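Each chain is listed here by its residues.
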Protein chains: 2
Amino acid sequence: MYETLLMIPGPTRVAPRVLKAMSENIVNHRSALFGEILKDTNEMMSEVFQTENDSYLITGSGTAAMEAAVGNIVEKGDKVLNIVGGKFGERFMQITEAHGGSPTELSVEWGHAVNPEDVKYILEEDEDIKAVTIVHNETSTGVANPIAEVGKVVKDYDALYVVDTVSSLGGDDVFVDGYGIDICVTGSQKCLAAPPGMAAITLSDDAWNVVDKTETSTYYLNMKKYKKSGDKVPPETPYTPSVSLMYAMREALNIIMEEGLEQRVIRHKMAAKATRAGVKALGLELFAEESAASNTVTAIKMPEGVTDKDMRGTMRNKYHIELAGGQDHLKGNVFRIGHMGNITHREILTTMSALEMTLKELGFDITLGEGVAAVADTYLGCESF
Amino acid sequence: MYETLLMIPGPTRVAPRVLKAMSENIVNHRSALFGEILKDTNEMMSEVFQTENDSYLITGSGTAAMEAAVGNIVEKGDKVLNIVGGKFGERFMQITEAHGGSPTELSVEWGHAVNPEDVKYILEEDEDIKAVTIVHNETSTGVANPIAEVGKVVKDYDALYVVDTVSSLGGDDVFVDGYGIDICVTGSQKCLAAPPGMAAITLSDDAWNVVDKTETSTYYLNMKKYKKSGDKVPPETPYTPSVSLMYAMREALNIIMEEGLEQRVIRHKMAAKATRAGVKALGLELFAEESAASNTVTAIKMPEGVTDKDMRGTMRNKYHIELAGGQDHLKGNVFRIGHMGNITHREILTTMSALEMTLKELGFDITLGEGVAAVADTYLGCESF
C-alpha cells in the first residue's frame, strides 16, 4: 500500500533524511557526544523561537510543554487570564486549574481571534493577574491570534506572557523576544516537521524569576531541573531523553536552517492562501473569519448533508489523503486541511483536485479544475513560495 | 568511527530491526491503523508485566511513569512509605513530596536490599499509610529488592503496592499479578531494549479505585485521561504519542515474544552471574551484597588509587566500551557494568577482556585471561543462556 498523504495539523510528513537520522545507534545520553547534539539542537531551537534566551527540549507531547509553562509559575490561588477560543485555549485553562490556579476566562467565539482591547480591559481591572495564556494558532479552529498586538498590551502589566506556538512555530511569524513573550512552547510534529514526541520551551529572565519563587507540584516537568542540567557544559537533560527523537529534531532543524525561517514562513503563508482560494472557488465556506485565518491549518464548514465519513472517508480511502475532522462540538461540522511542515504547492494542488473529485462524487454540482485553478492562480507570478 | 559498545544500565543497544521500524512513515495517531499498533503494543506490555490488567504507554522517560504512579494516588497530606536504598528510591520520595504527600522513609543502606520485616513493622505501626513505593532494581547500586516478599507483606494492609521495574522488567522476574503489585512502571530503554522516550504503566482495580478518588495536579500524566482514551476501540492516547517510538516499542516487544520472557530472564541472570564471577576473579570487589545482586547491572568498587577517568576513560577511549560511573555520593567510588537488553555472553566476554587490559595498563598485577576464564566457566555446561 502506498503512503497516505498527511494533510492534517500534525503529525506531519517527516522528510526521509529525518527518519534516517533516527536509525543511528543509540549513544549514552550522559556522554560528551550526546551533549554536543543537545547543544546544537537547543541553539537551533532558540534561533527558531527568535530569542536570545535558552531553549529546552522535553521528551513528551506539546501538552507536556504547555503544562511545563503553566505548572512552573502557578501556585494555589494564583490568578491567570486564559484566552479561550478553541480546544487548546481550553487546555491551558484546564492545566491552570489542575495546578490550583484561579482562571479568568476570556472567552472568544470559536472561529474568531481575540481582541487585544479585551485583554487590556481585564488586566486593567485586576492587577493581581500573574500570567496571561494564549494559543497563537488554534489548531481546532484554524484561527491565528494576534500575539504581537496582545504582547504590546501585556508588557504594560506585571503578568507573564505565556504563548503556545505548538502549531505555528516555523510556519508563521513568532518573534519571542520581539513580541515580549515570557514563556513560549512548541511541539516537534507540526511546522517543524519532526516526528511527534518532543516539545520545546523557552523562558525569559522575568519568567525564571517567577519559576524560582514558585513551588511546583510537577517533577518530570520541573523547569528548575531542566535549567540545572541544561546549564552544564555540555548541556544535559534531567531525565533520560529520547536519544532517537533528538537526532530527528536536530535534522529537522537543520532542514529549517537550510530553507531559512523567513522563506519557510512565506511557504506556509502561500499554502494557506492557496488553500483558502481553492475551497472558496469550490463554493465551500471557511470556518474562521478570514482576517484571522491560520497559516498552517484551514477549517472548512462541512457542506449541508455531507457526513464526516463521506468527506474524510472518501478522501482517505479513495484518494489516500488524510484530512482532519472537527474537535469537540465541531465534530462533523467542519473538516480541516493541515498545510504545515514540509507541505508545498504540489500537495495543495493534489489535495484540491482530490477534494473536487470527492465533492463531485458526493453529488455536488462543481466543475473539475475550479479549485485547482484558484490554487494555481494564487501561486502564479510569485517569485518565491 | 566504529560503534561504542554500551555496557551501561540504559539506554541499551537497540537491535537494527527496531531502529529500522522507526524509519517507517509517520501515520495519523488518530487513525484506525495507529490504533491497531497501540493495541498490539499495550497487550504485549501487559504480557511482559505478567498481568491481566491493561497497560498504558506514556511518551516520556521512566521518571514520567514514576510520577504518573505516585501523582495519581497521592494528595496533600497522604502518608506514603518510601523504601529508599539508592537514587531511584529517593526519586520516588521526592515525587511523593512534590505532590504534597507525607513520606515515611524506610532508609536502607546503599548496596543492601530492604528487609520485608521492616516494611511490616512500619505498616503495623501506622495504618494510615496509603501506598508503599519500592524500586525493584536499584540501578544506582546494583541491588535487586525482594519485591515478591515485600508484596506478601503489603497485601495484608490497605496500602497500594507501587513498584518501579524500570531497570528490571524483561531482565528479572516480575509477576505483577502474582506479587500483588497495584501499580507497576517501566521504561523503554533498559531490559526491553527499545530506544529511550517511552514509559509504561499498569494499574490494578484497587489502584484505579484510589485514582478515581484522587484529585491529581498532573495534567500530562493524568491516568484518568489515559484510561478514557485507552478504553476506546481501537485505543487512543490522550495526547499525541511518539508514533516512531511506538513502532520501535512494538518491534522490541516482538523480539521479546520471540525470545520468550522466561528465556530472556535466564539470559540476564547468566550475564549477571558471569560478570560477578569475572570481576571477582580479577580481585575487584562488588559494591552490593551478593545475596541481593541485580540481574541487570553490577556495581563494582573502584580499586584504590584509580580515578573514574582512568577506569572508564580507558575503557571508552581505548576499547570503545562505555561503562557507567557512580551516582551522587558514589561518584568516583564505584563503576557499573550494565548487562541488560540484548547483552549476551559475547559482550560479557569482550567487556571482561577489555577490563583486564585496562587494569593491566593501570599497573595492576593481574594475569590476562583470569576474568574471561571465570566468565567462560560460568557459561560452560549450561544448556540455555
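The rules behind these values
- Residues numbered from 1 in each chain as written.
- Chains lettered and ligands numbered in written order.
- Predicted model: local features only at pLDDT ≥ 70, side-chain atom pairs only at ≥ 80, totals over all residues.
- Heavy atoms only, no water.
- Pairing = 2+ DSSP bridges.
- Helix = DSSP H or I, 4+ residues; strand = E, 2+ residues; numbered from the N terminus.
- Axes fitted to C-alpha atoms, helices over the stretch in contact; angles between N-to-C directions.
- Contact = heavy atoms within 4.5 Å.
- Least-squares fit on C-alpha atoms with pLDDT ≥ 70 in both.
- Domains from an automatic or database assignment.
- Buried area = accessible area lost by both parts, 1.4 Å probe.
- Salt bridge = Lys/Arg side-chain N within 4 Å of Asp/Glu carboxyl O.
- UniProt positions renumbered as here; feature names shortened; annotations may be inferred.
- Polar contact = N/O pair within 3.5 Å; in protein donor to acceptor, adjacent residues only side chain to side chain.
- Nonpolar A, V, L, I, M, F, W, Y, C, P; charged D, E, K, R; others polar.
- Core = buried A, V, L, I, M, F, W, Y, C linked by side-chain atoms within 4.5 Å.
- Buried < 20%, exposed > 50% of the residue type's maximum accessible area, 1.4 Å probe, protein only.

Draft legend 1. Looking closely at the sheet that holds strand 3 (residues 79–84) of chain A. Residues and elements named next belong to chain A. Strand order in the open sheet formed by seven strands is 2-10-9-8-5-3-4, and the pairing between neighbours is mixed. The outermost strands of the open sheet, each flanked by one partner alone, are strand 2 (55–59) and strand 4 (102–107). Averaged over all pairs of adjacent strands, the angle between their axes in this sheet comes to 20 degrees, without regard to strand direction. As judged from the five bridges shared by strand 2 and strand 10 (residues 198–203), these two strands associate in the antiparallel manner. Across the sheet, leucine 57 pairs through a bridge with alanine 200, a residue of strand 10. In this fold helix 4 (residues 87–98) packs onto strand 3, strand 4, strand 5 (131–135) and strand 8 (160–164), with an angle of close to 160 degrees to the strand it touches most, strand 3. Helix 7 (residues 205–213) rests against strand 2, strand 8, strand 9 (183–187) and strand 10 of the sheet, and its axis sits at about 100 degrees to strand 10.

Draft legend 2. Representation of the relation of the copies chain A and chain B. When chain A is fitted to chain B, the best match, at an RMSD of 0.0 Å, comes from turning it 180 degrees and sliding it 0.0 Å along the axis. Such a combination of rotation and displacement between the chain copies is what one expects of a two-fold axis. Taking the C-alpha atom as reference, chain A places A:Gly60 closest to the rotation axis, 2.6 Å from it. Of all interface residues in chain A, 100% are interface residues in chain B too; the two copies therefore contact each other through one and the same surface.

Draft legend 3. Broad picture of the domain arrangement of chain A. Residues and elements named next belong to chain A. Taken as a whole, chain A is organised into domain 1 (5–9 + 260–379) and domain 2 (17–258). The interface is formed by 25 residues belonging to domain 1 together with 30 residues belonging to domain 2. Surface buried jointly by domain 1 and domain 2 totals about 2200 Å² across both partners, of which 53% is contributed by carbon and sulfur atoms. Broken down residue by residue, the surface that domain 1 buries against domain 2 is led by Leu261, Arg264 and Gln327, which jointly contribute 23%. Counting across the interface, domain 1 meets domain 2 through two salt bridges.

Draft legend 4. Seen up close, the UniProt feature "domain: Aminotransferase class V" (unreviewed entry) in chain A. When the UniProt feature table is mapped onto this chain, "domain: Aminotransferase class V" (unreviewed entry) is found at residues 10–327 of chain A. When the span residues 10–327 of chain A is considered, its composition is 41% helix and 16% strand, and the gap between its end C-alpha atoms is 14 Å.

Draft legend 5. Layout of the interface of chain A and chain B. Across the boundary between the two partners, chain A contributes 46 residues, which contact 46 residues of chain B. Across the chain A to chain B interface the summed buried area is about 3600 Å²; carbon plus sulfur atoms make up 62%. A per-residue breakdown of the area chain A buries against chain B is headed by A:Ile26, A:Tyr219 and A:Tyr220, which together make up 19% of the total. Here chain A and chain B share zero salt bridges between them. Where chain A meets chain B, there are 17 residue pairs in polar contact (both at pLDDT 80 or more). The biggest single contributor to the side of chain A that touches chain B is helix 4 of chain A, with four residues. Partitioning the side of chain A that touches chain B into residue classes produces 20 nonpolar, 21 polar and five charged.

Draft legend 6. Layout of the nonpolar core. One finds A:Val119, A:Leu123, B:Val119 and B:Leu123 to be the most contacted residues of the largest nonpolar core, which totals 120 residues. When residues no more than four places from it in sequence are discounted, the contact partners of A:Leu123 are A:Leu81, A:Ile129, A:Val132, A:Val153, A:Val154, A:Tyr157 and A:Ala159. Ranked by size, the runner-up nonpolar core spans 68 residues in total, among them A:Val74, A:Val166, B:Tyr56 and B:Tyr220.

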